[in-house]
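Examination of the molecular architecture
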Number of protein chains: 2
Amino acid sequence: MPETIEDDSVGIVETQIIHFSEALMLECEKTLAEYDIAYETYGELNADASNAILICHALSGDQHAAGYHSMDDKKPGWWDSAIGPGKAIDTNRFFVVSINNLGGCKGSSGPNTINPETGAFWGPDFPIVTVKDWVKCQYRFMQSLNIEHWCAVIGGSLGGMQVLQWAIDYPDLIKHAVVIAAAPKLSAQNIAFNEVARQSIMSDPDFCDGHYLAKETVPRRGLMLARMLGHITYLSDDAMRDKFGRELREGKLNFGFDVDFQVESYLRYQGRSFVDRFDANTYLLMTKTLDYFDPASEYGDELAQALNKTNAQFLVISFTSDWRFAPERSREITRALLEAEKRVSHIEIDANQGHDAFLIPIPHYMNVFGSYMKNVAEDLS
Amino acid sequence: MPETIEDDSVGIVETQIIHFSEALMLECEKTLAEYDIAYETYGELNADASNAILICHALSGDQHAAGYHSMDDKKPGWWDSAIGPGKAIDTNRFFVVSINNLGGCKGSSGPNTINPETGAFWGPDFPIVTVKDWVKCQYRFMQSLNIEHWCAVIGGSLGGMQVLQWAIDYPDLIKHAVVIAAAPKLSAQNIAFNEVARQSIMSDPDFCDGHYLAKETVPRRGLMLARMLGHITYLSDDAMRDKFGRELREGKLNFGFDVDFQVESYLRYQGRSFVDRFDANTYLLMTKTLDYFDPASEYGDELAQALNKTNAQFLVISFTSDWRFAPERSREITRALLEAEKRVSHIEIDANQGHDAFLIPIPHYMNVFGSYMKNVAEDLS
């Protein structure tokens with residue numbers, strides 16, 4: 001391993017792509033005749049294929065969860081703090097699989113890829129996919145790797161929702177379910193924030209009704225606004241106070257509409273840099289996937305009923321200052337699991353970083369998560 | 001009074017305009033050579049001019065606080081629930097004055113009025129005004145009406161900030177200060193939301209660098225987004241759940257980007273209707289006024305010091321579910337007043353309507369407010 005990469009990194013990794021030529025029927029009743037799935041793996045699959053873990057990504061995540069794509073990479077994958085040799089998800093013990101969900105923009109079929117039937121960008125015509133669709137797609141993917149069951153399915157935020165759906169739809173195929181900073185469904189306020197983000201993108205004249213790629217443009221302003229807004233909901237009020245307070249960028253008020261406060265500068269930077277790495281149609285699609293998630297709705301709005309058949313053992317983790325998916329939303333999940341008489345551990349981490357905490361290696365969080373995963377690994381041998 | 005108007009309404013009212021030809025030096029060090037102030041009054045000034053109350057409006061408010069402009073008006077003024085004969089601010093006892101703040105868009109000099117020096121719309125060249133500027137301007141206005149002191153200055157949200165500034169800048173001229181759902185200064189999160197709203201407006205191509213009126217257009221999309229976002233912060237998560245939950249507009253998911261949930265429909269409606277009644281440059285300006293408010297900054301960041309000279313008696317009101325200016329922010333004000341050994345009553349109203357609660361005639365709120373004001377009225381006679 002190159003000397004500038006940390007010892008506990010998975011090192012240099014590569015995204016691979018599998019093509020699926022079997023048609024996939026989606027919840028919206030549209031069918032994808034064929035599609036690609038981009039993925040990465042870390043660690044080695046053991047002889048009896050019993051140590052495979054699926055990582056599910058959140059709204060703006062992708063398959064690149066750990067390691068570096070090249071020595072020039074400035075940053076590792078989005079969950080490098082949790083995945084690697086000796087880390088909470090220990091790649092010395094587990095074979096870790098991370099895929100870019102359908103509709104994503106990092107190599108899996110999605111709005112920024114070519115629709116094989118038309119030869120043009122899918123753009124706004126890519127169907128709206130649901131968490132259930134993703135799980136079905138991940139199930140097929142699992143079969144293609146000859147994995148018969150997941151030792152664990154793990155995810156935070158929208159990723160945690162996929163974990164729940166796995167436990168519901170394939171109750172015998174996952175041994176452990178780790179649901180972090182998630183919710184059993186979005187609240188009206190959650191949907192409202194998503195709607196403002198969507199309107200930001202769709203009202204940008206450069207959105208061109210979603211056909212911006214064909215027109216060689218990008219709805220930069222709209223996507224930037226959506227990300228700025230998202231970012232506020234990822235941080236807690238406390239975290240923002242600690243990080244920025246009312247600090248002025250130039251030490252004085254400008255009496256104009258340029259940046260006065262550091263927090264404004266930070267948000268503009270976050271918005272701008274996101275535009276360079278994410279697709280606006282994918283953002284729209286993922287927010288709808290979030291809005292639509294409500295697995296209990298098929299079970300008379302009884303989450304316990306939905307989870308009734310699962311054989312998985314659960315770890316539910318929430319963070320005190322998360323107001324996007326507040327601890328109470330995690331407790332709803334835990335209560336349903338207890339009602340369904342499932343095995344569940346719930347830990348609420350005292351953290352002031354808001355929803356973003358799930359991506360941060362907070363010692364107490366990593367210790368709890370790591371020791372749970374150590375037990376999972378020990379059950380393997 | 002026309003028979004279709006309620007008995008406890010102030011009835012048909014009219015906005016008046018006073019022109020001030022004495023130059024006004026602003027905190028930004030620019031000077032307005034002359035300016036107009038639009039205002040309304042309700043009730044009668046008594047013989048010794050001791051019963052005058054100033055109402056201060058919030059971000060999107062104006063001088064039309066109570067009554068109707070015509071028999072065709074569908075809605076009364078924005079605080080009609082609190083102002084009128086027999087109401088909390090009883091117009092049988094008090095002479096109530098409500099002005100449109102400088103920079104507003106309802107008749108006072110502001111971005112949508114003509115700059116007398118150029119003969120063109122002020123647009124983005126209207127100076128950024130501060131709460132301190134407004135209070136100075138309200139002081140001059142008070143002199144023009146021959147009122148020597150306010151029996152009470154009352155306001156909610158940004159209005160409450162003006163009340164605080166009155167108590168600081170003219171400590172002998174206000175007898176009672178009623179500060180509702182306010183904060184001693186904005187948090188980083190508050191500023192962040194304002195910044196996203198501003199960027200929404202300024203990035204709309206129809207904003208034309210603020211010169212949209214001269215170009216006979218309006219940044220509709222940007223102002224709509226700003227209002228949608230604002231609206232989320234005015235309502236509590238609970239209020240949204242009670243009002244909308246996850247109710248679908250058409251009873252089913254559409255698998256498209258049109259409205260699925262009722263809350264989306266509501267927000268779009270709120271956004272659209274705001275565009276027809278508010279000026280985008282004024283919105284920008286008012287958000288900066290909010291961001292800049294920090295009266296303690298001139299007093300070594302000691303709010304108690306800032307309030308040290310005031311002779312006013314305070315009523316501070318906060319609402320449990322308000323997360324824009326949470327109850328804790330009101331408690332900061334109350335603690336500073338106690339530290340400065342001022343007379344203060346603080347009541348926290350159990351209400352699930354969020355920040356908007358201050359505009360809603362919640363019985364407990366109106367009872368407390370009304371009985372405080374009854375005592376104020378009795379002191380007059």
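See the structure above.
Described in the following lines is the structure provided in the data block. All of these numbers come straight from a predicted model, not from anything done at the bench.

1. Examining the pairing of strand 4 (residues 35-42) of chain A
All names here are of chain A. Among the 8 residues in strand 4, 7 count as buried, and that is most of the element. Pairing analysis gives 5 bridges linking strand 1 (residues 16-20) to strand 4, with the strands arranged antiparallel. Across the sheet, the residue bridging to His 19 is Asp 36, located in strand 4. Across 4 bridges, strand 4 lies against strand 8 (residues 95-99) in antiparallel orientation. Following the sheet pairing, Thr 41 is matched in strand 8 by Val 97.

2. A look at the pairing of strand 11 (residues 313-319) of chain A
Residue and element names in this part refer to chain A. Of all 7 residues in strand 11, 7 are buried, a share of seventy percent or more. Across the two faces of strand 11 the burial is the same, with Gln 313, Leu 315, Ile 317 and Phe 319 and Phe 314, Val 316 and Ser 318 all buried. In the sheet, strand 10 (residues 174-180) pairs with strand 11 via 5 bridges, with the strands oriented parallel. Paired with Val 179 across the bridge in strand 11 is Val 316. As paired elements, strand 11 and strand 12 (residues 344-349) share 6 bridges and run parallel to each other. Note that in strand 12 the partner of Leu 315 across the bridge is Ser 345. What joins strand 11 to strand 12 is helix 9 (residues 327-339), and the crossover it makes is right-handed.

3. Overview of the interface of chain B and chain A
Chain B puts 41 residues into the contact, and the matching count from chain A is 41 residues. Contributions of two or more residues to the side of chain B that touches chain A are made by helix 3 (188-202), helix 4 (220-234), helix 5 (237-243), helix 6 (262-275) and helix 7 (280-292) of chain B. Here the side of chain B that touches chain A takes 11 residues from helix 3 of chain B, the largest share from any one element. Taken together, the residues of the side of chain B that touches chain A break down into 23 nonpolar, 7 polar and 11 charged.

4. Re the sheet that holds strand 12 (residues 344-349) of chain B
All names here are of chain B. Pairing within the open sheet is mixed, and its 8 strands lie in the order 1-4-8-5-9-10-11-12. In this open sheet, the two edge strands, each paired with only one partner strand, are strand 1 (16-20) and strand 12. This sheet shows a mean twist of 20 degrees between the axes of neighbouring strands, independent of strand direction. Each of strand 9 (150-156), strand 10 (174-180), strand 11 (313-319) and strand 12 is contacted by helix 10 (residues 363-380), which is oriented at about 160 degrees to strand 12, the strand it contacts most.

5. Describing helix 2 (residues 158-169) of chain A
Residues three or four positions apart in an α-helix share a direction because the helix packs 3.6 residues into each turn. Helix length check: helix 2 of chain A (12 residues) gives 16 Å between terminal C-alpha atoms against 16 Å at 1.5 Å per residue, within 8%. Taken residue by residue, helix 2 of chain A has Leu158(A), Gly159(A), Gly160(A), Met161(A), Gln162(A), Val163(A), Leu164(A), Gln165(A), Trp166(A), Ala167(A) and Ile168(A) as its buried positions.

6. Here's the deal with the nonpolar core
Counting residues in hydrophobic clusters, the biggest one holds 239 residues, and the most contacted among them are Ile53(A) and Ile53(B). Those residues in contact with Ile53(B) that lie beyond four places of it in its chain are Ile89(B), Phe94(B), Phe95(B), Val96(B), Val97(B), Trp150(B), Cys151(B), Ala152(B) and Ile154(B).

Each value, and the rule that gives it
Residues numbered from 1 in each chain as written. Chains lettered and ligands numbered in written order. Predicted model: local features only at pLDDT ≥ 70, side-chain atom pairs only at ≥ 80, totals over all residues. Buried ≥ 20, exposed ≤ 12 C-beta atoms within 10 Å, placed from the backbone. Helix = DSSP H or I, 4+ residues; strand = E, 2+ residues; numbered from the N terminus. Pairing = 2+ DSSP bridges. Right-handed = clockwise from strand over helix to strand, strands pointing away. Contact = placed C-beta atoms within 7 Å. Nonpolar A, V, L, I, M, F, W, Y, C, P; charged D, E, K, R; others polar. Axes fitted to C-alpha atoms, helices over the stretch in contact; angles between N-to-C directions. Expected span 1.5 Å × (residues − 1). Core = buried A, V, L, I, M, F, W, Y, C linked by C-beta atoms within 7 Å.

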